[in-house]
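Structural features, examined
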Amino acid sequence: MSETSYADLLELAGHLRSLLAGKLERRPERSPFVLLYAFNGTGKTRLCAAFKDLGKAANKNDEVESQDTLYFNAFTEDLFSWDNDLENDEHRTLKLNVASRFFDGLHELEIENRIRPLLDRYADFDFKINFAFDERTGNITSAEVTFSRKVLSGEGEDARTDDVDGIKISRGEENVFVWCFFLVFLQLALDGAEAYKWVEHVYIDDPISSLDEHNAIVVGNHLVQLYREAQRPIKTVVSTHHALFYNVLHHELRNHLGGPLQYILKRAPGTDGYLLAEQTGDTPQFYHVAALGDLWLVAQSGQAKTFHFNILRTILEKTASYAPSIRKEPGGSCG
């Protein structure tokens, strides 16, 4: 694999923007994609931040006047936080940080009706968004989400279905809900909605943390479907540590949108820089071998950093998942 080195993430982000611009010029009718694979701790989230910062324009007072990137990453998920009503343990709500521009114009979008058909693909719970407004300005001052689920109770002729309100959904269900929230804005941008004409780039970093195999496939298929139905092309980067999700996107994009530009992102050994290696296949190749090489080098130098421990953890998890099971044979021998 050919590799290119970059001094920092800002330089790498600029390179990705150039790649996307060149590909769009060659095929202006399609959304160009860059697909990145990297272990957790490599710098994917910081690369996303550097990428979107390059699209900002500020005035002389350093106030942001415009931006060009709609993004999803760990910071997006942090805009949602739980109030578990510790005093009464009854009114559990998911709070939205309405100070973020992510929620601008939210109440004008009929957001519930837009989220619900997306969410129905993944979950069986329902929700309601409650807004509070400043009477003078009309701006949103707070917003919270309450969740409910239909529960079957009783048996036989006494069986009935009740709506249970104020439930606490699981962490995985919360991640799915936040992802569907983001998909509403992405769909509006792809449809050419006037309010989202500013979106020239999309950067998606590891959608839905810790995807199981089923959701990795469903999310990948659904994401590409949105782009297949898009009214306008948008330059997009997707980064992930999930090998199956990477594999699904590779095949879906190749079959329907002409194929992505594919790379493996890793830290440059012995420096603070980064390496971008071209990847042509449907599965990241030789990355575990390279990671083991990095761990060997740091073991010799003794200069371990946080990301090295993340790499070690991932290697151990992968090794454990492929380790042969040991069972005790009749007679006391082990096979």
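Above this text you will find the structure in question.
Residues numbered from 1 in each chain as written. Predicted model: local features only at pLDDT ≥ 70, side-chain atom pairs only at ≥ 80, totals over all residues. Heavy atoms only, no water.

Remarks on unusual backbone geometry
To keep it simple, the criterion reads: Helix and strand definitions here come from DSSP, where helices need a minimum of 4 consecutive H or I residues and strands a minimum of 2 consecutive E residues; each element is numbered from the N-terminal end.
Positive phi, normally seen in glycine, also occurs at E110, with a value near 50°. Mapped onto the fold, E110 is located in the loop between β7 (93-96) and α4 (111-119). Positive phi values are uncommon outside glycine, yet D206 reaches one of about 45°. Following the sequence through the fold, D206 ends up in the loop between β11 (201-205) and α6 (213-228).

Thoughts on the environment of L190
Its location among the elements puts L190 in helix α5 (residues 171-190). As a C-alpha pair, L190 and Y227 span 37 residues in sequence and 7.1 Å in three-dimensional space.

Notes on the nonpolar core
Stated formally: Think of a nonpolar core as a cluster: buried Ala, Val, Leu, Ile, Met, Phe, Trp, Tyr and Cys residues, connected wherever their side-chain atoms sit within 4.5 Å. Each residue gets one of three labels from its accessible area relative to the maximum for its type: buried under 20%, exposed over 50%, partly exposed in between, using a 1.4 Å probe on protein chains only. Any two residues whose heavy atoms approach within 4.5 Å are treated as being in contact.
F177 and F181 are the most contacted members of the largest nonpolar core, which has 64 residues in total. The dominant element in this core, judged by the number of residues it contributes, is α5, at 14 residues. The residues touching F181, leaving out its near neighbours within four places in the chain, are F80, L96, F102, F103, L106, I111, I115 and I129.

Here's the deal with the sheet that holds strand β2 (residues 33-37)
Condition: Two strands qualify as a pair provided DSSP detects at least 2 bridges between them. Convention adopted: a line fitted to C-alpha atoms gives each axis, helices being fitted over their contacting stretch, and angles between N-to-C directions are expressed from 0 to 180 degrees.
Read from one edge to the other, the open sheet built from seven strands follows the order β1-β14-β13-β2-β12-β11-β5, with strand pairing classed as mixed. Edge positions in the sheet fall to β1 (3-6) and β5 (69-72), since each has one partner strand and no second. Strand-to-strand twist in this sheet, taken as the mean axis angle between neighbours without regard to direction, amounts to 20°. Sheet strands touched by helix α2 (residues 44-53): β2, β5, β11, β12 (235-240), β13 (261-267) and β14 (274-278). Its angle to β11, the strand with the most contacts, is close to 165°.

Looking at the packing of aromatic side chains
Each pair of aromatic rings is reported with the distance of its centres and the angle of its planes. Worth spelling out the cut-off: Note on aromatic pairs: the rings of Phe, Tyr and Trp (six-membered ring only in Trp) are paired at centre separations within 6.5 Å, and the planes decide the class, stacked below 30 degrees, edge-to-face beyond 60, tilted for the rest. Definition used: whenever NZ (Lys) or CZ (Arg) falls within 6 Å of the ring centre and also within 35 degrees of the ring normal, the charge is taken to sit over that ring.
Under the counting rule described, the total for this entry stands at 21 aromatic pairs. On the numbers, 5.5 Å between centres and 80° between planes, the contact of F125 with F147 is edge-to-face. One end of the pair, F125, is in the loop between α4 and β8 (126-133); the other, F147, is in strand β9 (residues 140-153), and 22 residues separate them in sequence. Here F125 falls in the buried class, since its relative accessible area comes to 4%. Each member of the aromatic cluster is reached from another via a ring pair, and the members are F80, W82, F102, F103, F125, F127, F147, F177, F181, F185, Y196 and W198. Between the NZ or CZ atom of R17 and the centre of the ring of F51, over which it lies, the distance is 4.5 Å.

Section: the pattern of salt bridges
We apply this condition: We define a salt bridge as a side-chain nitrogen of Lys or Arg found within 4 Å of a carboxyl oxygen belonging to Asp or Glu.
Scanning all chains against the criterion turns up 13 salt bridges. A salt bridge links R149 to E173, with the shortest nitrogen-to-oxygen separation between them at 2.4 Å. With a gap of 24 residues between them, R149 in strand β9 and E173 in helix α5 connect regions that are remote in the sequence. Each member of the salt-bridge network shares a partner with another, and the members are K52, D53 and K56.

Some remarks on the side chain of S148
If you trace the backbone, S148 turns up in strand β9. The contacts of S148, once residues within four sequence positions are left out, are F125, D126, V164, D165 and I167.

Quick notes on α4
The line we're drawing: This arc is built from the directions going out from the helix axis to the C-beta atoms.
Taken as a whole, α4 has its buried residues at I111, E112, I115, L118 and L119. Projected down its long axis, α4 carries its buried residues within an arc of 130°, all on one side. Summarising the contacts, the buried residues of α4 are in contact with β8, α5 and α6.

Read these as geometric descriptors, not functional statements.
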